[in-house]
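Chain residues, written in single-letter form:
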Amino acid sequence: MTASYSSSPSILHRSFVSSSPYLQSIRAFSCCSFRVRKVRLRPIFASAEGDLRKEDVVIVGAGIAGLATALSLHRLGVESLVLEQAESIRTGGTSLTLFKNGWRVLDAMGVGDELRSQFIEIQGMVIKSGDGTELRSFRFKDEDQSQEVRAVERRVLLDTLANSLPSNTIRFASKLSKIEKSESGETLLKLDDGTQLLAQIVIGCDGIRSQVAKWIGFSEPQYVGHCAYRGLGYYPDGQPFEPRVNYVYGRGLRAGYVPVSSTKVYWFICVNSPSTGPKITDPSILKSHAKELVKNWPRELRDLIDLSPDDTISRTPLVDRWLWPGISPPASTGKVVLVGDAWHPMTPNLGQGACCALEDSVILARKLANAIKSGSTSVESALQEYGKERWPRIFPLTIRANLVGSLLQWENPLVCSVRNNLVIPKLVRLGPVLEHTNFDCEPLMVAQNS
């Protein structure tokens, strides 16, 4: 696999995308359009000695990174056990934006077309000020004919990945409680239910609060100073928007919305906050807060909030982790390695969190499968090579995403005026800004028993 990455410093862009008729039926919302298939729960049945169950490859976390890694390995003939603390594949959340690098990885895994058929291709983007004045618009294909952008429902992506795996791959209700190194050099994983696993290889895909990352020695991700409200508006008779990302920029406040499918539209509101504040989960309170923030902005934003079923509404403090060379631990230690947010949580301002997790998964899978099957290199060396290859890609993107968020969250009225009247209309070029979406990914060899 070869990969081309951007070192462009252009950073004024974000691709984070992102009346109460919704009361007609939340049930209709959850059942419309998409196929939902059940994944059977995997019992642990690998060879056991006493109270210990032995596994070759254990993946902690059945999110995007974990399922993508499991599927990539499966395509290359390496099976794994995925531990998920929830009772089933998580159906909550809204959507995420996938650019062409993400789609190339999904194509390599063999699930790209199944997902494409369910989501609208986004043609471009428009940027407006809080009063509705259009500042700039772009068409993605004008800048790059190969660009592909779609907002994808998180639950559908997870369901698609999970159902492409052997039916006994995922073990639910399996919360990791402790990690230890065994005398034999293997990794001992203790679960809340008393199960103990002795794993040859452990892949931590357990998100921004990763226990595996903490065990390796990583610090907690840092709060970046703003929070995001998110939701998924539902239009049972069809949504009215053009296939483009819509951004609205204010002072210390920004918002955006983008069509996901013929009936659903993803929206977000990002607001400065000196602290993360109390955790609020009541959807009615979150909706009220979100609408108050944009009360003087275009009406369609408030309508979208009203049209969002309660189970799609969330408020999240945005965090990241900068992987400083010589200071941060490496991605792996021994035969334990990190993938996605567990290693490099980044803010959503470039729309690359999920895309980078997908990239991680195929690169790690190729190196690991080669080490396991050919024996030409040790597993430890393969994991180190993965970290060395991914770091020059991940570290700059994490910083750029952070800086984009900081610039777009400006509060100073003079600086915001310069941004809206000079920088965005006259200086921003979309092509260089999206160079980071260049990524070449060859198809994974499908194993004979897949």
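My aim in this report is to walk through the structure given alongside it, one point at a time. Fair warning: this is a prediction, and the values are worked out from it, not measured in the lab. (Residues numbered from 1 in each chain as written. Predicted model: local features only at pLDDT ≥ 70, side-chain atom pairs only at ≥ 80, totals over all residues. Heavy atoms only, no water.)

This part takes up the overall build of the protein. Counting its secondary structure elements, the protein contains 13 helices and 18 strands. Relative to its 450 residues, the protein shows a buried fraction of 56%. Surface accessibility of the protein: about 18400 Å² in total, with carbon and sulfur atoms responsible for 50%. (Helix = DSSP H or I, 4+ residues; strand = E, 2+ residues; numbered from the N terminus. Buried < 20%, exposed > 50% of the residue type's maximum accessible area, 1.4 Å probe, protein only. Areas by Shrake-Rupley, 256 points an atom, 1.4 Å probe, with all protein chains shown as cover.)

Another point: the sheet that holds strand β5 (residues 124-129). Pairing is mixed in the open sheet, where 7 strands are placed in the order β6-β5-β13-β14-β15-β12-β16. Only two strands of the sheet have a single neighbouring strand rather than two, namely β6 (134-139) and β16 (314-320). Neighbour to neighbour, the strand axes of the sheet diverge by 20 degrees on average, direction disregarded. Its contacts with the sheet place helix α11 (residues 379-408) against β12 (222-234), β13 (244-249), β14 (253-259) and β16, and it is angled at close to 80 degrees to β12. (Pairing = 2+ DSSP bridges. Axes fitted to C-alpha atoms, helices over the stretch in contact; angles between N-to-C directions. Contact = heavy atoms within 4.5 Å.)

Below, the discussion takes up unusual backbone geometry. Phi angles above zero are rare outside glycine, and A173 is one such case at about 50 degrees. Secondary-structure assignment places A173 in the loop between β8 (170-171) and β9 (176-181).

Next up on the list: the nonpolar core. Membership of the largest hydrophobic core comes to 112 residues, with the highest contact counts inside it found for L67, L98, L106, M109, L161 and I203. Counting residues per element, this core draws most heavily on helix α10 (residues 353-374), at 12 residues. Apart from residues no more than four positions distant in its own chain, L67 is found in contact with G61, A62, I89, L158, L161, A162, L165 and I170. In this structure, Y229, Y235, I269 and L307 belong to the second largest nonpolar core, which totals 20 residues. (Core = buried A, V, L, I, M, F, W, Y, C linked by side-chain atoms within 4.5 Å.)

It is at 10 Å that the axes of helix α8 (residues 283-293) and helix α9 (residues 299-306) come closest, and there the two elements cross at 175 degrees. Between α8 and α9, the angle is such that the two are roughly antiparallel. Contact with α8, carried on its side by K287, A290 and K291, involves R302, I305 and D306 of α9 and no other residues of that element. Partitioning the contact of α8 with α9 into residue classes produces 2 nonpolar, no polar and 4 charged. (Parallel < 35°, antiparallel > 145°, perpendicular 65-115°, else oblique. Nonpolar A, V, L, I, M, F, W, Y, C, P; charged D, E, K, R; others polar.)

Glancing now at the pattern of salt bridges. If you walk through the whole model with that rule in mind, you get 23 salt bridges. The partner of R155 in a salt bridge is E153, and the shortest N-O contact between them spans 3.4 Å. Per residue, the accessibility class of R155 equals that of E153, and both read buried. Between R390 and D360 there is a salt bridge; the shortest N-O distance is 2.6 Å. Pair noted here: R390 is in helix α11 and D360 is in helix α10, with a separation of 30 residues, a long-range link. (Salt bridge = Lys/Arg side-chain N within 4 Å of Asp/Glu carboxyl O.)

Attention now moves to the side chain of N420. You can see N420 is positioned in helix α12 (residues 413-427). By relative accessible area, which is 13% here, N420 ends up buried. Side-chain polar atoms of N420 contact the side chain of R419, separated by 2.9 Å. (Polar contact = N/O pair within 3.5 Å; in protein donor to acceptor, adjacent residues only side chain to side chain.)

Close contact between helix α2 (residues 64-75) and α10 brings their axes to 8 Å; oriented N to C, the two are set at 30 degrees. When you trace α2 past α10, the crossing you get is right-handed. Along its contact with α2, which presents I64, A65, A68, T69, S72 and L73, the element α10 presents A354, A357, L358, S361, V362, L364, A365 and L368. In the contact of α2 with α10, the residues fall into 11 nonpolar, 3 polar and no charged. (Left-handed = near helix turned anticlockwise from the far one by under 90°.)

With that out of the way, let us pick up empty space enclosed by the protein. Each pocket or cavity is described by its volume, and for the largest cavity that value is around 50 Å³. When grouped by side-chain class, the residues that make up the lining of the largest cavity number 5 nonpolar, 3 polar and 4 charged. (1 Å grid on protein atoms, 1.4 Å probe; cavity = no way out; pocket = protein on both sides within 12 Å on 5 of 7 lines; lining within 4 Å. Points joined across faces, edges and corners; volume = space filled by probe spheres on them.)

Attention now goes to the environment of V78. Along the chain, V78 turns up in the loop between α2 and β3 (81-83). Through-space distance from the C-alpha of V78 to that of V57 is 8.5 Å; in sequence the pair is 21 residues apart. Apart from residues lying up to four places away in sequence, V78 is in contact with V57, L73, A369, I372 and K373.

Here we come to the packing of aromatic side chains. With the rule as written, the count across this model stands at 8 aromatic pairs. With a centroid separation of 5.3 Å and an interplanar angle of 55 degrees, the aromatic rings of F241 and Y257 are classed as tilted. Remark: Y257 occurs in strand β14 and F241 occurs in the loop between β12 and β13; sequence separation between them is 16 residues. Looking at Y257, the relative accessible area reads 3%, which means it is buried. (Phe/Tyr/Trp six-rings, centres within 6.5 Å; stacked < 30°, edge-to-face > 60°.)

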